[in-house]
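# A structural walkthrough
Chain by chain, the residues run as shown.
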Amino acid sequence: MDTTDAARRIEMTFLRKSGYLCGWAWKTIRWNCRGEPTGQITVKIATGSDGDNYYMELDYKTRSGDEEWRPMDYRVRLESTPCRYGGKRWWFRCPVVRCNRRNSILYQSGDYFVCRKCARLSYASQEYRSRRIGLLGRIMDAEKFEMTLKRWYYRGKPTRKHRKLLRMYGGKSPMEAVNAVAAALGMF
Ligand SMILES: [Zn+2]
């Protein structure tokens, strides 16, 4: 089974055809399956000329099984390349910071919308399959935690939060953590 086919996705082609890529848009995308609503997501899209801070902000709720719904709110960077015959083409940058691949479709995988390759992470590893958030969620959570980290070292030793971060990334030393993420994202 190709898991990504069953997943919800956001296609750049859809955003373009719907006229969402002209400056500023605040829209709700709804998914249906045989006429039944299966989910919705609110997107705020900034593709105006205000500097080069182009993004799509995603706002939705997620849950696994019978859990409480959890609100999700994060940005995906957008980027444009010039077309051969004028105009420009827009791309998503994968929101997994260490992946950052340019792509035109984002797939929902667990809690997040990410590139096709990262979407496979949640399913790829048997080891993580039984865990609630999966490998992808772990990396995303670690990256979010990393942004809140103010002090990395104290008297030459990693701080408690720094050590926690390394564990979140799946290693005890920076090298181990980097290798774990790189291996997961297929960077070797
Ligand atoms: Zn990715």
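The preceding data block contains the structure.
Below you will find a few notes about this structure. (Residues numbered from 1 in each chain as written. Predicted model: local features only at pLDDT ≥ 70, side-chain atom pairs only at ≥ 80, totals over all residues.)

Broken down by element type, the protein chain carries 7 helices and 11 strands. Classification of the 188 residues of the protein chain by burial places 23% in the buried group. If you take every contact in the protein chain between residues at least 6 apart in sequence, the share linking residues at least 24 apart comes to 31%. (Helix = DSSP H or I, 4+ residues; strand = E, 2+ residues; numbered from the N terminus. Buried ≥ 20, exposed ≤ 12 C-beta atoms within 10 Å, placed from the backbone. Contact = placed C-beta atoms within 7 Å.)

Counting residues in each nonpolar core, the largest one holds 34 residues, and the members touching the most others are Leu106, Val114, Cys118, Leu136 and Ile139. Only strand 4 (55-62), strand 5 (70-82), strand 8 (105-109), strand 9 (112-114), helix 3 (116-124), helix 5 (134-148), helix 6 (160-169) and helix 7 (174-184) provide two or more residues apiece to this core. Looking at this core element by element, the count peaks at 5 residues for helix 5. When residues of this core are assigned to domains, at least three map to each of domain 1 (3-123) and domain 2 (124-184). Discounting chain neighbours no more than four positions away, the residues touching leucine 106 are Arg9, Ile10, Val76, Phe92, Phe113, Val114 and Cys115. (Core = buried A, V, L, I, M, F, W, Y, C linked by C-beta atoms within 7 Å. Domains from an automatic or database assignment.)

Pairing is antiparallel in the open sheet, where 3 strands are placed in the order 1-8-9. Sheet topology places strand 1 (9-11) and strand 9 at the edges, where each strand pairs with a single neighbour. With direction set aside, neighbouring strand axes in the sheet form an average angle of 20 degrees. Relative to strand 8, strand 1 is paired through 3 bridges, and the arrangement is antiparallel. Within strand 8, the position partnered with isoleucine 10 by the bridge is leucine 106. (Pairing = 2+ DSSP bridges. Axes fitted to C-alpha atoms, helices over the stretch in contact; angles between N-to-C directions.)

All we've got here are geometric facts, nothing functional implied.
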